[in-house]
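# Structural overview
If you want the building blocks of each chain, they are given just below.
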Amino acid sequence: MKYIAKRLLALAGILLASSFAVFGGLYLAPGSPEQFLVQGRTVSAEVLASIREQYNLDDPFLTRYVSWVGNALQGNFGQSLANRQEVADLLANRLPTTLWLTGLAAVLIIVLGVGLGTVAGLRPGPLDNIILFASNLGFAVPTFFAGLLLMSLFSVQLGWFPVFGSGSGEGIASRLTHLTLPALALALPSIAVVARITRTAVREERQSEHAQTARSRGVPERVLIPRHVIRNALLPVTTVSGVHIAGLLAGAFVVESVFTLDGIGALLVTSIQQKDFAVVQAVALIMVVAFGVINLLVDLLYAVIDPRVRVGGAS
């Protein structure tokens, strides 16, 4: 419990530091929110001053930041300058799409990345070479280009999946159908990395000293592989998988733009362009919280995979 409390305290510090950096970056960026609000029209200085007063844009930087932190702790993320809506309502409408997208991508990373890497590590030869080549290709292809290729092949030519949309409000089956290609495009580079790490880890564990000792004592391969080789190889694989899964939210905006999805990634890009402070801060907060929580879960998972590992560093 002490370890978890320390990690949560560290996460709180990271949240404050990252939100402060995001807030400061928006202040330093060229342009201003009131200029966006008037949509490029020529207006008097009095009108601009009125807008700044209405949205407290004239308050000092630290005053606005402290006010935002206090409101956020109470669950109030403010109002969007661009949409005139509560930020919480905007996120509630868009967050499910991003969660479905990243959740499905995480499943693909674990199933395909770990699965293909394990097969390549256990079966040297032509199959290993094919998986290795495919992983190199998957890592080299940019996410947006992979999305366009998948859309062209499976949506336009074969007609297996919808071209755009998230399938929200149409049931789980519809969501999965709409988000399969976007999730695959989002997960493709991570699948490649996890597959290569898994392949290397499995090979090293298969040739390790403890595995050789177990063989010499007559332990059959069907027992040795799952209990000793794969289980020990999961520690580095879990670390890499956790980092890539935690980073899915940050990369989702590319896929959401390609497949026209109404997620928070696309909302973040638009809000940055409009200098919509409240929305950017809220989305950044969600991303940092997700990253911290996933890394905490990875640390806790170590003790489940290997009983010799104790949370907090004791062994």
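This is a predicted model, so every value here is computed, not measured.

Attention shifts here to the overall build of the chain. Of regular secondary structure, the chain possesses 13 helices and 0 strands. Counting from the amino terminus, the chain carries its helices and strands in the arrangement α-α-α-α-α-α-α-α-α-α-α-α-α. When contacts within the chain are restricted to residue pairs at least 6 apart in sequence, long-range pairs at least 24 apart make up 75% of them. Carbon and sulfur atoms make up 65% of the accessible area of the chain, which totals about 16800 Å².

Before going further, it helps to examine the packing of helix 7 (residues 143–157) against helix 11 (residues 248–258). Two numbers describe how helix 7 lies on helix 11: the axes approach to 9 Å, and their chain directions differ by 35 degrees. Viewed along their axes, helix 7 and helix 11 form a crossing whose handedness is right-handed. Across from Thr143, Phe144, Gly147, Leu148 and Met151 in helix 7, the residues of helix 11 making contact are Val254, Val255 and Val258.

Another aspect to go through is the packing of aromatic side chains. Evaluation of the coordinates by the stated rule reveals 1 aromatic pair. Aromatic side chains phenylalanine 154 and tryptophan 160 sit 5.7 Å apart centroid to centroid with 40 degrees between the ring planes, which places their arrangement in the tilted category. The class of phenylalanine 154 is partly exposed, set by a relative accessible area of 23%. Classification of tryptophan 160 as exposed rests on a relative accessible area of 55%.

This paragraph deals with the nonpolar core. Looking at soluble globular proteins, one finds that nonpolar side chains tend to be buried together. In this structure, Leu101, Ile109, Leu248 and Phe259 are the most contacted members of the largest nonpolar core, which totals 34 residues. Those elements giving two or more residues to this core turn out to be helix 5 (87–122), helix 7, helix 8 (172–206), helix 9 (209–216), helix 10 (221–246) and helix 11.

Glancing now at unusual backbone geometry. Residue threonine 260 is not a glycine yet carries a positive backbone phi of 55 degrees. With respect to the helices, strands and loops of the structure, threonine 260 is situated in the loop between helix 11 and helix 12 (264–274). With relative accessibility at 54%, the residue threonine 260 sits in the exposed group.

Our next topic: the side chain of arginine 199. Tracing the backbone shows arginine 199 in helix 8. Discounting residues that sit within four places of it in the chain, arginine 199 has contacts with Gly117, Ala120, Gly121, Asp128 and Leu132.

Attention now moves to a nonpolar patch on the surface. There is a patch of nonpolar side chains on the surface, built from Val107, Ile110, Val111, Leu112 and Leu116 and spanning about 400 Å² of accessible area. Among the structural elements, leucine 116 can be located in helix 5.

All right, on to helix 10 then. Along an α-helix, residues three or four apart share an orientation, since each turn contains 3.6 residues. The largest bend along helix 10 measures about 40 degrees and falls at leucine 235, with the proline proline 236 one to four residues further on. For helix 10, the set of buried residues is Leu224, Ile225, Val229, Asn232, Ala233, Val237, Thr238, Val240, Ser241, Gly242, Ile245 and Ala246. Here the buried face of helix 10 lies against helix 5, helix 8, helix 9, helix 11 and helix 13 (277–305).

Now for the environment of serine 80. Mapped onto the elements, serine 80 comes out in the loop between helix 4 (61–73) and helix 5. Residue class for serine 80 comes out buried when judged on its relative accessible area of 0%. Here the alpha-carbon distance between serine 80 and leucine 90, two residues 10 residues apart in the chain, equals 8.5 Å.

A separate point is the packing of helix 5 against helix 8. Where helix 5 meets helix 8, the axes come as close as 4 Å, and the angle between the chain directions of the two elements is 35 degrees. In terms of crossing hand, the pair formed by helix 5 and helix 8 is right-handed. Class assignment of the residues belonging to the contact of helix 5 with helix 8 gives a composition of 23 nonpolar, 9 polar and 4 charged.

This next bit is on the pattern of salt bridges. Counted under the stated rule, the structure contains 2 salt bridges. A salt bridge links arginine 199 to aspartate 128, with the shortest nitrogen-to-oxygen separation between them at 2.7 Å. On the criterion of sequence distance, the pair formed by arginine 199 in helix 8 and aspartate 128 in helix 6 (residues 126–140) is long-range, its members being 71 residues apart. Each of the two residues, arginine 199 as well as aspartate 128, counts as buried.

Tracing the chain through its elements places leucine 179 in helix 8. Once the C-alpha coordinates of leucine 179 and threonine 98 are considered, the two residues, 81 residues apart in sequence, prove to be 9.8 Å apart.

Turning our attention to the confidence of the model for the chain. In this model, the chain carries an average pLDDT of 79, and 84% of its residues clear a pLDDT of 70 or more. Ranking the elements of the chain by mean pLDDT puts helix 2 (residues 33–37) last with 64 and helix 5 first with 89.

What counts as what
Residues numbered from 1 in each chain as written. Predicted model: local features only at pLDDT ≥ 70, side-chain atom pairs only at ≥ 80, totals over all residues. Heavy atoms only, no water. Helix = DSSP H or I, 4+ residues; strand = E, 2+ residues; numbered from the N terminus. Contact = heavy atoms within 4.5 Å. Areas by Shrake-Rupley, 256 points an atom, 1.4 Å probe, with all protein chains shown as cover. Axes fitted to C-alpha atoms, helices over the stretch in contact; angles between N-to-C directions. Left-handed = near helix turned anticlockwise from the far one by under 90°. Phe/Tyr/Trp six-rings, centres within 6.5 Å; stacked < 30°, edge-to-face > 60°. Buried < 20%, exposed > 50% of the residue type's maximum accessible area, 1.4 Å probe, protein only. Core = buried A, V, L, I, M, F, W, Y, C linked by side-chain atoms within 4.5 Å. Patch = residues over 30% accessible without salt bridge, like charges linked within 9 Å, V, L, I, M, F, W, Y side chains within 5 Å. Salt bridge = Lys/Arg side-chain N within 4 Å of Asp/Glu carboxyl O. Bend = angle between axes of the 7 residues up to and from the residue. Nonpolar A, V, L, I, M, F, W, Y, C, P; charged D, E, K, R; others polar. pLDDT = per-residue confidence, 0-100.

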